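Residue-level structural notes
This is what each chain is made of:
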Amino acid sequence: MSSILIVESKNDQQFLQFLIEHLNCQIQVDAPICIDEDDYECLDGLSEGKLITTLRDLDENLQKRDFEKIGIIIDQDHHSQQERLDFVNRCLEEVFKLEAKLTTVNQWIDIESFQSISLQLACHFTNVDGHGELETLLKQIKSHDSPHADCLASWRDCLQNQGLQISKKDFDKFWWNQYIRYDTCSKQDKKQANKYCSMRHFDKILERKGAKILNLNHQALQPLKDFLELFR
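Throughout what follows, the structure given in this document is the object of discussion. (Residues numbered from 1 in each chain as written. Predicted model: local features only at pLDDT ≥ 70, side-chain atom pairs only at ≥ 80, totals over all residues. Heavy atoms only, no water.)

**Examining the pairing of strand E6 (residues 118–126)**
Across a regular strand the side chains alternate sides, sitting on one face of the sheet and then on the other. Within E6, seven of the nine residues are buried, leaving the element largely enclosed by the surrounding structure. The pairing of strand E3 (residues 67–75) with E6 spans seven bridges and is classified as parallel. Residue pairing in the sheet places aspartate 75 in a bridge with threonine 126 of E6. Summarising the sheet, strand E5 (residues 109–112) and E6 pair through four bridges and their orientation is antiparallel. Bridging from a neighbouring strand, glutamate 112 pairs with serine 118 of E6. The hairpin turn running from E5 into E6, its antiparallel successor, is five residues long, and serine 116 in that turn takes a positive phi close to 65°. (Buried < 20%, exposed > 50% of the residue type's maximum accessible area, 1.4 Å probe, protein only. Helix = DSSP H or I, 4+ residues; strand = E, 2+ residues; numbered from the N terminus. Pairing = 2+ DSSP bridges.)

Here it is as structure tokens:
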């Protein structure tokens, strides 16, 4: 029996695969539904409808697909943990019979498909100090000097002085892109910047230098590591 992880985006998928390999976790994952990659179900943006559809697709193919554990990883964004738990529980109730609802992250609950197949499910919400998403976490665990990206704080202050705003979510994404493009891109890599210094090829960046530009021992990463440990 194997396990399957449901994630929001391709970037989430690529980072999780990198982290799993770094931790040497023996997590077996099934083929995805909505992207042509191995290992993850991908929501490609989050909504109740998309999560319910993904879960229904899983349910309909349980007899063909050999897995017994499901993990759901979504961004916490600006929501409270309870709001996110309520969101996931609503989706689960549309598809599965629940022994009990999710009451916290990183903890198994028993569920049963309408084909009477028993499964375990756990969830995790990507965040730093109770808010944010993948880029928020990546920004927190960066390990390389980041003068180019850090100077964006002055740019943000300038916008505010002009009566303009940029959301923290958009700022963290922008910060991370500048960190990759200008602070961690070597002279050699800059010759192929689109390939080695762009989030379009995040998997290649992680493969080449992920362990150098990220502190994989950072405390902010521990809750996600704890979640992955559930699948050993």
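**Some points on the pattern of salt bridges**
The final tally for this structure, using the stated rule, is 12 salt bridges. For the salt bridge of aspartate 77 with lysine 169, the shortest nitrogen-to-oxygen distance reads 3.7 Å. Here lysine 169 lies in helix H7 (residues 168–183) and aspartate 77 lies in the loop between E3 and helix H3 (81–93), a separation of 92 residues in the sequence. What makes aspartate 77 buried here is its relative accessible area of 16%. You can call lysine 169 partly exposed: its relative accessible area is 38%. Among the salt bridges present, the one from arginine 208 reaches aspartate 189, with a minimum N-O distance of 2.5 Å. Residue arginine 208 is located in helix H10 (residues 202–213), and its partner aspartate 189 is located in helix H8 (residues 187–190); the two are separated by 19 residues in the primary sequence. (Salt bridge = Lys/Arg side-chain N within 4 Å of Asp/Glu carboxyl O.)

**Regarding unusual backbone geometry**
The phi dihedral of serine 116 is positive, around 65°, even though this residue is not glycine. Along the chain, serine 116 falls in the loop between E5 and E6. Of the residues examined, serine 116 reaches a relative accessible area of 51% and is grouped as exposed. At aspartate 129, a residue that is not glycine, the phi angle is positive and equals roughly 55°.

**Let's talk about the pairing of strand E1 (residues 2–7)**
Of all six residues making up E1, six are buried, and the element is well covered by its neighbours. Residues of E1 alternate between two faces, with Ser2, Ile4 and Ile6 on one and Ser3, Leu5 and Val7 on the opposite face, all of them buried. Pairing of E1 with E3, which is carried by six bridges, proceeds in the parallel orientation. Directly across from leucine 5, in E3, lies its bridge partner glycine 71.

**Overview of helix H1 (residues 10–23)**
Taking 1.5 Å per residue, 14 residues should reach 20 Å; H1 reaches 20 Å between its end C-alpha atoms and fits that length. Considered for burial, the residues of H1 that qualify are Asp12, Gln13, Gln14, Phe15, Leu16, Phe18, Leu19 and Ile20. (Expected span 1.5 Å × (residues − 1).)

**Side note on the state of the cysteines**
This model, assessed by the stated rule, comprises one disulfide. A sulfur-sulfur separation of 1.6 Å characterises the disulfide bridge that pairs cysteine 185 with cysteine 197. Because the sign of the S-S torsion sets the handedness, a value of about 45° for the bond joining cysteine 185 and cysteine 197 places this disulfide among the right-handed ones. One end of the pair, cysteine 185, is in the loop between H7 and H8; the other, cysteine 197, is in the loop between helix H9 (193–196) and H10, and 12 residues separate them in sequence. (Disulfide = S-S within 2.5 Å.)

**A closer look at the packing of aromatic side chains**
As enumerated under the stated definition, the model contains seven aromatic pairs in all. Ring centres of tryptophan 176 and phenylalanine 202 lie 6.4 Å apart, and the angle between their planes is 85°; on these two criteria the pair is classed as edge-to-face. Here tryptophan 176 is found in helix H7, whereas its partner phenylalanine 202 is found in helix H10, with 26 residues between them in sequence. Phenylalanine 202 carries the same exposure label as tryptophan 176, and that label is buried. Connected via pairs of aromatic rings, a cluster forms that spans Trp175, Trp176, Tyr179 and Phe202. It is arginine 156 that lies over the ring of phenylalanine 171; its NZ or CZ is 4.0 Å from the centre. The residue whose ring lies beneath arginine 181 is tyrosine 182, and the NZ or CZ to ring-centre distance is 5.0 Å. (Phe/Tyr/Trp six-rings, centres within 6.5 Å; stacked < 30°, edge-to-face > 60°. Lys NZ or Arg CZ within 6 Å of the ring centre and 35° of its normal.)

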